[in-house]
Amino acid sequence: FAGEYADAGRFLKQLRNASINSAFLGGEAVFDPEFISSARGAAEGAFILSLPEISDKSFIENYKKRFKREVGAYSSNSFDAANILISAIEKVKNKDPNQIAEAVRKTKDFPGLNGKISFDSKGDLTDQRFSVYEVKNGMFVVK
């Protein structure tokens, strides 16, 4: 499924209601607790491809306290992206977007929530990591 969690939940629920019990695979945009709740039980056994588990468990607890919900599809990489950008701005000490972009591209081994983050000269990740999750008992579990 190439879409986001809300649509994925409704779509999967409709499939199961139509007695279509094929395997379901969703991308990172489906990795959100709302997918499981909107599918209302139909999500059980669904597979989702997303970032590896977050290594910093305090981030998860602080996130839950602050936002009153589970970590979602873009929580960790948004947090990391913001911190990489802040770090780049601090390095160049000005607001020049070209210098900031260059500092971001030079980022190597940034301690991200899902592992170390490095970019190549074009700004692409050098090591893209993903995990496969299965919905079991209403939770995302690493497969």
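Look above for the structure.
Residues numbered from 1 in each chain as written. Predicted model: local features only at pLDDT ≥ 70, side-chain atom pairs only at ≥ 80, totals over all residues. Heavy atoms only, no water.

Okay, the overall build of the protein next. Per the secondary structure count, the protein includes 5 helices and 6 strands. When the helices and strands of the protein are listed from N to C terminus, the series reads α-β-α-β-α-α-α-β-β-β-β. Structurally, the protein occupies a C-alpha span of about 60 × 35 × 25 Å along its principal axes. Across the 143 residues that make up the protein, the buried fraction comes to 34%. Across the protein, contacts joining residues at least 24 apart in sequence account for 55% of those joining residues at least 6 apart. Of the roughly 8900 Å² of accessible surface on the protein, a fraction of 55% belongs to carbon and sulfur atoms. Separation between the mean location of the 21 positive side-chain charges and that of the 19 negative ones in the protein comes to 2 Å. (Helix = DSSP H or I, 4+ residues; strand = E, 2+ residues; numbered from the N terminus. Buried < 20%, exposed > 50% of the residue type's maximum accessible area, 1.4 Å probe, protein only. Contact = heavy atoms within 4.5 Å. Areas by Shrake-Rupley, 256 points an atom, 1.4 Å probe, with all protein chains shown as cover. Lys, Arg positive; Asp, Glu negative; His and termini not counted. Charge placed at Lys NZ, Arg CZ, Asp CG, Glu CD.)

Taken N-terminus to C-terminus, the directions of helix α4 (residues 75-92) and helix α5 (residues 97-105) make an angle of 120 degrees; their axes are 8 Å apart at the nearest point. With respect to each other, α4 and α5 are oriented oblique. Here α4 runs over α5; the crossing is right-handed. Judged by residue contacts, I84, L85, A88, I89 and V92 of α4 engage Q99, I100, A103 and V104 from α5. (Axes fitted to C-alpha atoms, helices over the stretch in contact; angles between N-to-C directions. Parallel < 35°, antiparallel > 145°, perpendicular 65-115°, else oblique. Left-handed = near helix turned anticlockwise from the far one by under 90°.)

The backbone phi angle of S19 is positive, close to 60 degrees, even though this residue is not glycine. Looking at the element boundaries, S19 is found in the loop between α1 (5-17) and β1 (25-26). By relative accessible area, which is 59% here, S19 ends up exposed. A positive phi is found at R40, a non-glycine position, where the angle reads about 45 degrees. Among the structural elements, R40 can be located in the loop between α2 (33-39) and β2 (47-50). We classify R40 as exposed; its relative accessible area is 64%.

Right, let's talk about the pattern of salt bridges for a bit. On inspection of all chains with the given rule, the structure shows 8 salt bridges. Here K64 and E70 are joined by a salt bridge, their closest N and O atoms 3.6 Å apart. The partly exposed category is assigned to E70, whose relative accessible area is 36%. Through salt bridges with shared partners, a single network forms among E102, R105 and K106. (Salt bridge = Lys/Arg side-chain N within 4 Å of Asp/Glu carboxyl O.)

This paragraph deals with α1. Counted at 1.5 Å a residue, the expected span for α1 with its 13 residues is 18 Å, and the 18 Å between its end C-alpha atoms agrees. Tucked into the core, α1 has its buried residues touching α2. Looking one or two places after α1, you find S19, whose phi comes out positive at around 60 degrees. (Expected span 1.5 Å × (residues − 1).)

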